Amino acid sequence: MKAHDGIYVDGAWRPAAGTDTIEVVNPADEQVLAHVPAGTAEDVDAAVRAARAALPAWAATEPAERAARLTALRDRLAARAEEIAETVTAELGAPPKLSQTVHAALPVAVAGSYAELAAAHAFEERLGNSTVLHEPVGVVGAITPWNYPLHQIVAKVAPALAAGCTVVLKPAEDTPLTAQLFAEAVDEAGVPAGVFNLVTGLGPVAGQALAEHEGVDMVSFTGSTAVGRRIGATAGAAVKRVALELGGKSANVILPGADLSRAVNVGVANVMSNSGQTCSAWTRMLVHREDYEQAVELAAEAAAKYGERIGPVVSARQRDRVRRYIEKGLAEGARLVTGGPEAPRERGYYVRPTVFADVRPDMTIAQEEIFGPVLCLLAYEDTEDALRIANGTEYGLAGAVWAAEEAEAVAFARRLETGQVDINGGRFNPLAPFGGYKRSGVGRELGPHGLAEYLQTKSFQF
């Protein structure tokens, strides 16, 4: 697969400072796809300097012009959708249909939404005798994950550019080829040199250098809570803004009287999508004691359908991590309904779609983020018990509530300690703020709330 052997800085591809490279592997067959540069602190410094040099002119650009560049970017991503989908399938292992309908299509919608927001946002407002200006934060260091490689890039870069910021992107080392395609699209869209820059590399080297760099005004990171803590500490020491979208252990609460079959089937699909590698996945299904065994049977039937359809997880490291969690669930006494730790295929980083029943709230698999195709079913006695279990983890990213009456579901959702809740299977909204409570992060992405993360305010009093 074609890959650039350099980094994208100041509007051009250039050689990296060092000679080390990162091997990109297809998780479905374990074949090497390509090699990309393992960027160094020197590469990050060059990219940040380019971004700082480009900042004054881009920040002063009229919002309509920034919107025009984002519209052009949206159009370029749409035109390259097939290539993007094929690349995501190759380096992430996502099934082709998922790559087409989600991994390639969703970023187009998000980029388009920020083109509209850039044109419509009131960058000045009057409050009494004051004029309030919404100005760009400055240079943004964006560090993105591998599970939704293009969506996570667009969800950071598009609002930053709409706000008038310049960006240095460090993508996940497992999926750098999608990031390179994005850089090509940015270039084709006519974004001025230095406004967007790309440095591929390892997190402890390039990512750390970007978070620490004095020329970076804000760090936006999506990934594990453990790494988010370190980035937050680094940014805090430098008193720079930080946005962190971290882990989740979301609850899917099925209240008595809800459409049990639909709630269970949608819930299983939610967990198995993207091979379980979704931070907002509803990995804990909470069912009333009286409906519990029926829900277990329904979940087992639904999960069995994914045996041949599910893709691999991203790497051998991730595969082994998920299997260890499955073994931990067995050791702690959870009932294995379907799946298990055994390898389903001889080659590729595959994990069996797994469903556990008789899961206690204090079990490791009910508390820690597994990030694989593993669903835990927990029984509750009454509504207050369900709420206690749902809120009983360190995370608070997403969730779902199902009830016979929408008002009942909304009343329960209001008491959930989480950033986003789907009511009776509510559709995904790319304009709704996405982000978490507690240790699921700081700040919000998507829509106008996502744009606000990259703006700072100044007021004039008259």
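Cut-offs applied
- Residues numbered from 1 in each chain as written.
- Predicted model: local features only at pLDDT ≥ 70, side-chain atom pairs only at ≥ 80, totals over all residues.
- Heavy atoms only, no water.
- Helix = DSSP H or I, 4+ residues; strand = E, 2+ residues; numbered from the N terminus.
- Salt bridge = Lys/Arg side-chain N within 4 Å of Asp/Glu carboxyl O.
- Buried < 20%, exposed > 50% of the residue type's maximum accessible area, 1.4 Å probe, protein only.
- Core = buried A, V, L, I, M, F, W, Y, C linked by side-chain atoms within 4.5 Å.
- Contact = heavy atoms within 4.5 Å.
- Pairing = 2+ DSSP bridges.
- Axes fitted to C-alpha atoms, helices over the stretch in contact; angles between N-to-C directions.
- Phe/Tyr/Trp six-rings, centres within 6.5 Å; stacked < 30°, edge-to-face > 60°.
- Lys NZ or Arg CZ within 6 Å of the ring centre and 35° of its normal.
- Polar contact = N/O pair within 3.5 Å; in protein donor to acceptor, adjacent residues only side chain to side chain.
- pLDDT = per-residue confidence, 0-100.
- Right-handed = clockwise from strand over helix to strand, strands pointing away.
- Expected span 1.5 Å × (residues − 1).
- Bend = angle between axes of the 7 residues up to and from the residue.
- Parallel < 35°, antiparallel > 145°, perpendicular 65-115°, else oblique.
- Nonpolar A, V, L, I, M, F, W, Y, C, P; charged D, E, K, R; others polar.

Explain unusual backbone geometry to me, and be specific about the residues and the numbers.
Backbone phi values are negative for most residues with the exception of glycine, while trans is the configuration of most peptide bonds. Of note, the phi angle at Glu30 is positive, near 65°, even though the residue is not glycine. Tracing the sequence through the fold places Glu30 in the loop between β3 (21–25) and β4 (32–37). With a phi close to 60°, Ser275 is a non-glycine residue in the positive phi region. Counting through the fold element by element, Ser275 comes out in the loop between α9 (260–272) and β13 (284–288).

So what's going on with the pattern of salt bridges? Residues and values would help.
Side chains that differ in charge, positive against negative, can pair when their charged atoms come close. Applying the stated criterion to the full structure yields 22 salt bridges. Here Arg80 ties to Glu188 by a salt bridge, and the two come within 2.8 Å at their closest N and O atoms. Highlighted residues: Arg80 in the loop between α2 (63–79) and α3 (81–92) and Glu188 in helix α6 (residues 176–188), separated in sequence by 108 residues. Taking relative accessible area as the criterion, Glu188 reaches 40% and is therefore assigned partly exposed. Overlapping salt bridges bring together Arg76, Arg80, Glu83, Glu184 and Glu188 as one network.

Describe in detail the nonpolar core, supporting the description with residues and values.
In a soluble, globular protein the nonpolar side chains are often hidden away together inside. By size, the foremost hydrophobic cluster in this structure holds 63 residues, and its most contacted members are Leu70, Leu73, Leu77, Val154, Val167, Phe182 and Phe196. In this view, Leu73 contacts Phe182, Ala185, Val186 and Ala189; residues no more than four positions away in its chain are not counted. Of all hydrophobic cores here, the second largest spans 32 residues; its members include Ala334, Ala366, Cys376 and Ala403.

Please provide a residue-by-residue account of the sheet that holds strand β15 (residues 354–357), values included.
Sheet architecture is open: seven strands sit in the order β14-β15-β16-β13-β12-β18-β19, paired in mixed fashion. Every interior strand has two partners, whereas the edge strands, β14 (335–338) and β19 (422–423), have only one. Two elements, β15 and strand β16 (residues 374–380), share three bridges in a ladder whose sense is parallel. Bridge pairing links Thr354 to Val374 in β16.

So what's going on with the sheet that holds strand β6 (residues 130–136)? Which residues, and what values?
Across the sheet, three strands lie side by side as β5-β6-β22; this open sheet has antiparallel pairing. Both outer strands of the open sheet, β5 (124–127) and β22 (455–461), are each paired with one neighbouring strand and no more. Neighbour-to-neighbour, the strand axes of the sheet open up by a mean angle of 25°, direction not taken into account. The sheet contact formed by β6 and β22 spans seven bridges and is antiparallel.

Any details on the environment of Arg414? Residues and values, ideally.
Mapping Arg414 onto the fold places it in the loop between α14 (406–413) and β19. In this structure the C-alpha to C-alpha distance between Arg414 and Val401, which are 13 residues apart in sequence, comes to 10 Å.

How would you sum up the packing of aromatic side chains? Please name residues and give values.
Taken as a whole and assessed by the stated rule, the structure comprises four aromatic pairs. With 6.2 Å between their ring centres and 35° between their planes, Tyr8 and Phe196 make a pair best called tilted. In this pair, Tyr8 sits in strand β1 (residues 6–9) while Phe196 sits in strand β9 (residues 196–198), placing the two residues 188 residues apart along the sequence. In this structure, Tyr8 and Phe196 share a single accessibility class: buried. A ring pair is formed by Phe182 and Phe196, whose centres lie 5.3 Å apart and whose planes are at 80°; its orientation type is edge-to-face. Of this pair, Phe182 sits in helix α6 while Phe196 sits in strand β9, and the two are 14 residues apart along the sequence. Aromatic rings pair up to connect Tyr8, Trp13, Phe182 and Phe196 into one cluster. In this structure, Arg66 is placed above the aromatic ring of Phe123, and the distance from its NZ or CZ to the ring centre is 5.2 Å. Lying over the aromatic face of Tyr350, Arg345 brings its terminal NZ or CZ to 3.9 Å of the ring centre.

Please set out the side chain of Lys156 residue by residue, giving values where relevant.
Within the element layout of this structure, Lys156 appears in helix α5 (residues 149–163). Side-chain polar atoms of Lys156 contact the side chain of Thr222, separated by 2.8 Å. Dropping the residues within four chain positions of it, Lys156 is found in contact with Ala142, Ile143, Thr144, Ser220, Phe221, Thr222, Glu445 and Tyr454.

A description of the confidence of the model for the chain should follow, citing residues and the corresponding values.
Averaged over every residue, the pLDDT of the chain is 97; residues scoring 70 or more account for 100%. Mean pLDDT per element in the chain: helix α8 (residues 225–237) is the minimum at 92, and β9 is the maximum at 99.

Describe in detail the pairing of strand β18 (residues 399–402), supporting the description with residues and values.
Neither face of β18 is open: one carries Gly399 and Val401, the other Ala400 and Trp402, and all of them are buried. Here strand β12 (residues 251–254) runs beside β18; their pairing, made up of four bridges, is parallel. Within the sheet, the bridge partner assigned to Val253 lies in β18 and is Val401. As defined by bridge partners, β18 adjoins β19 across two bridges and the pair is classed as parallel. Pairing of Val401 across the sheet is with Ile423, part of β19. With respect to chirality, the unit in which β18 leads through α14 into the neighbouring parallel β19 is right-handed.

Before we move on, could you go through helix α1 (residues 41–59) and cite the residues and values that matter?
Look at α1: 26 Å from first C-alpha to last across 19 residues, which is about the 27 Å you get at 1.5 Å a residue. In α1, a bend of some 30° at Ala53 exceeds every other bend along the element, and Pro56, a proline, comes one to four places later. Turning to α1, its buried residues number three or more, namely Asp43, Val44, Ala47, Val48, Ala50, Ala51, Ala54, Leu55 and Trp58.

A description of the pairing of β15 should follow, citing residues and the corresponding values.
Neither face of β15 is exposed, since Thr354 and Phe356 on one face and Val355 and Ala357 on the opposite face are all buried. Pairing of β14 with β15, which is carried by three bridges, proceeds in the antiparallel orientation. The residue bridging Leu336 from the neighbouring strand is Phe356, located in β15.

How would you explain the packing of helix α4 (residues 96–120) against α5 if you had to name every residue and give the values?
Their axes nearest at 9 Å, the elements α4 and α5 cross at an angle of 10°. Classified by the angle their axes make, α4 and α5 are roughly parallel. Taking contact as the criterion, the partners of His103, Leu106, Pro107, Val110, Ala111, Tyr114 and Ala118 in α4 are, on α5, Pro149, Leu150, His151, Val154, Ala155, Ala158, Pro159 and Ala162. By residue class, the composition of the contact of α4 with α5 is 13 nonpolar, two polar and no charged.

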